[in-house]
Amino acid sequence: MRSVQVIMSDSFERLKDHYEPRIHPEKEGYQILDWEDQASQQRRFDALIRAMDLEGKELLDLGCGVGDLCLYLDEKKISCEYTGVDILDCMIGEACRRCEGGNFLQADLLTEEPFPPKFFDVVFCSGIFNLETGDNWQLLTRYLNRLPYFTGEAVVINLLSINSPDQQERYHYFDPGKVRMEALKRYVRVDIDQGYLKNDFTLICREPKD
């Protein structure tokens, strides 16, 4: 059996090979991140702010890409302490260029601890498990177990659904019920928000079990 470390290295290379060539200053964020359009990207952000009152909160945007959520929060005039983290240097560089007032950091939170325990109120992950890497379920479960280190309140994760009517081989689709049952092993309350788009759902995990 291949080691977890080797598998995660393979995943990183797939992510880098897919996203790095897409980064160009003239492209919109949704184009770089491979969303179908800006409206659908913003509906996913809407699901986040519908699930959580972010006013005055410390928010970690894990897999922040080029900082689109930071710009969205500014546009909505939501006053929270935003920190964006991405595993790809190239994403962080472009995020810093586009969002001069944002706080961005390159890091792998599965292996690094750049923040104190429970530093954030809410951790948000949008689309970081979408690209088919061959180990998407393993990655998701590792993050579900890992993220309570960084938050004492909630984790909100956007995922593609197996109920999507137009699935593509390059993406990974999750069973909402199976994901919820897995999350309940680590969180006291777990809800599913779906219906805002035909192809995905948002997992809302509250009160990590210590």
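Residues numbered from 1 in each chain as written. Predicted model: local features only at pLDDT ≥ 70, side-chain atom pairs only at ≥ 80, totals over all residues. Heavy atoms only, no water.

Novice: I'm lost on the packing of helix 3 (residues 38-51) against helix 4 (residues 68-75) in this one. Help?
Specialist: Two numbers describe a pair of packed helices, the interaxial angle and the distance between the axes. It is at 11 Å that the axes of helix 3 and helix 4 come closest, and there the two elements cross at 65°. One finds that helix 3 runs roughly perpendicular with respect to helix 4. Both helix 3 and helix 4 take part in a crossing whose hand is right-handed. Across the interface between the two elements, Q41, Q42, F45, D46, L48 and I49 of helix 3 pack against D68, L69, Y72 and L73 of helix 4. Here the contact of helix 3 with helix 4 is built from residues that sort into six nonpolar, two polar and two charged. (Axes fitted to C-alpha atoms, helices over the stretch in contact; angles between N-to-C directions. Helix = DSSP H or I, 4+ residues; strand = E, 2+ residues; numbered from the N terminus. Parallel < 35°, antiparallel > 145°, perpendicular 65-115°, else oblique. Left-handed = near helix turned anticlockwise from the far one by under 90°. Contact = heavy atoms within 4.5 Å. Nonpolar A, V, L, I, M, F, W, Y, C, P; charged D, E, K, R; others polar.)

Novice: Explain the environment of D17 to me, please; I cannot follow it from the model alone.
Specialist: By the secondary structure assignment, D17 is in helix 1 (residues 4-19). On the accessibility criterion, D17 (55% relative accessible area) is exposed. (Buried < 20%, exposed > 50% of the residue type's maximum accessible area, 1.4 Å probe, protein only.)

Novice: Even after reading the chapter, I still don't get the packing of aromatic side chains, so can you show me in this structure?
Specialist: To describe a pair of aromatic rings, one takes the distance between the centres and the angle between the planes. All told, the structure shown has 10 aromatic pairs when counted by the stated rule. An angle of 80° between the planes, with centres 6.5 Å apart, marks the rings of F115 and F150 as edge-to-face. Separated by 35 residues along the polypeptide, F115 in the loop between strand 3 (103-106) and strand 4 (120-126) and F150 in the loop between helix 6 (136-146) and strand 5 (151-160) bring together distant segments of the chain. Just as F115 is buried, F150 falls in that class too. Three or more aromatic residues link up through ring pairs in this structure, and these residues are F115, F119, F120, Y149 and F150. For the cation-ring pair, K178 lies above W137, with the distance from its terminal atom to the ring centre recorded as 4.4 Å. (Phe/Tyr/Trp six-rings, centres within 6.5 Å; stacked < 30°, edge-to-face > 60°. Lys NZ or Arg CZ within 6 Å of the ring centre and 35° of its normal.)

Novice: Teacher, can you tell me more about the confidence of the model for the chain here?
Specialist: For any part of a model where pLDDT is low, the fine detail of the predicted coordinates should not be relied upon. Per-residue confidence for the chain averages 90 on the pLDDT scale, and 95% of its residues sit at or above 70. Scored below 50 in pLDDT, residues 1-8 shows 10 contacts in the model against residues more than four places distant or in partner chains. (pLDDT = per-residue confidence, 0-100.)

Novice: When you look at the layout of surface pockets in this model, what are you seeing that I'm missing?
Specialist: Over the atoms a probe the size of a water molecule is rolled, and this reveals where empty space is left. Considered as a void within the structure, the second largest pocket measures approximately 250 Å³ in volume. In terms of lining residues, the second largest pocket is bounded by 19 residues, among which C70, C80, Y82, G101 and G102 are the most central. Only helix 4 and strand 2 (81-86) provide two or more residues apiece to the lining of the second largest pocket. With four residues, helix 4 is the largest single contributor of residues to the lining of the second largest pocket. Among the residues making up the lining of the second largest pocket, the classes are represented as nine nonpolar, five polar and five charged. (1 Å grid on protein atoms, 1.4 Å probe; cavity = no way out; pocket = protein on both sides within 12 Å on 5 of 7 lines; lining within 4 Å. Points joined across faces, edges and corners; volume = space filled by probe spheres on them.)

Novice: Explain a negative patch on the surface to me, please; I cannot follow it from the model alone.
Specialist: On the surface, E13, D17, E20 and D89 cluster together into a patch of negative charge. Here D89 is to be found in helix 5 (residues 89-98). Look at D89 and you get exposed, because its relative accessible area is 56%. (Patch = residues over 30% accessible without salt bridge, like charges linked within 9 Å, V, L, I, M, F, W, Y side chains within 5 Å. Areas by Shrake-Rupley, 256 points an atom, 1.4 Å probe, with all protein chains shown as cover. Salt bridge = Lys/Arg side-chain N within 4 Å of Asp/Glu carboxyl O. Lys, Arg positive; Asp, Glu negative; His and termini not counted. Charge placed at Lys NZ, Arg CZ, Asp CG, Glu CD.)

Novice: Can you walk me through the side chain of T133 in this structure?
Specialist: In this fold, T133 is placed in the loop between strand 4 and helix 6. The buried category is assigned to T133, whose relative accessible area is 5%. What T133 contacts, discounting residues up to four positions off in sequence, is S11, R14 and L139.

Novice: Got a minute to help me understand the sheet that holds strand 1 (residues 58-62) in this structure?
Specialist: Pairing between the strands of a sheet comes from backbone hydrogen bonds, and it takes one of two forms, parallel or antiparallel. Pairing in this open sheet of seven strands is mixed, and the strands run 3-2-1-4-5-7-6 from one edge to the other. Looking at strand neighbours, the two that pair on one side only are strand 3 and strand 6 (187-194), the edges of this open sheet. Averaged over all neighbouring strand pairs, the angle between strand axes comes to 20°, with direction disregarded. When strand 1 meets strand 4, the two strands line up parallel, connected through four bridges. (Pairing = 2+ DSSP bridges.)

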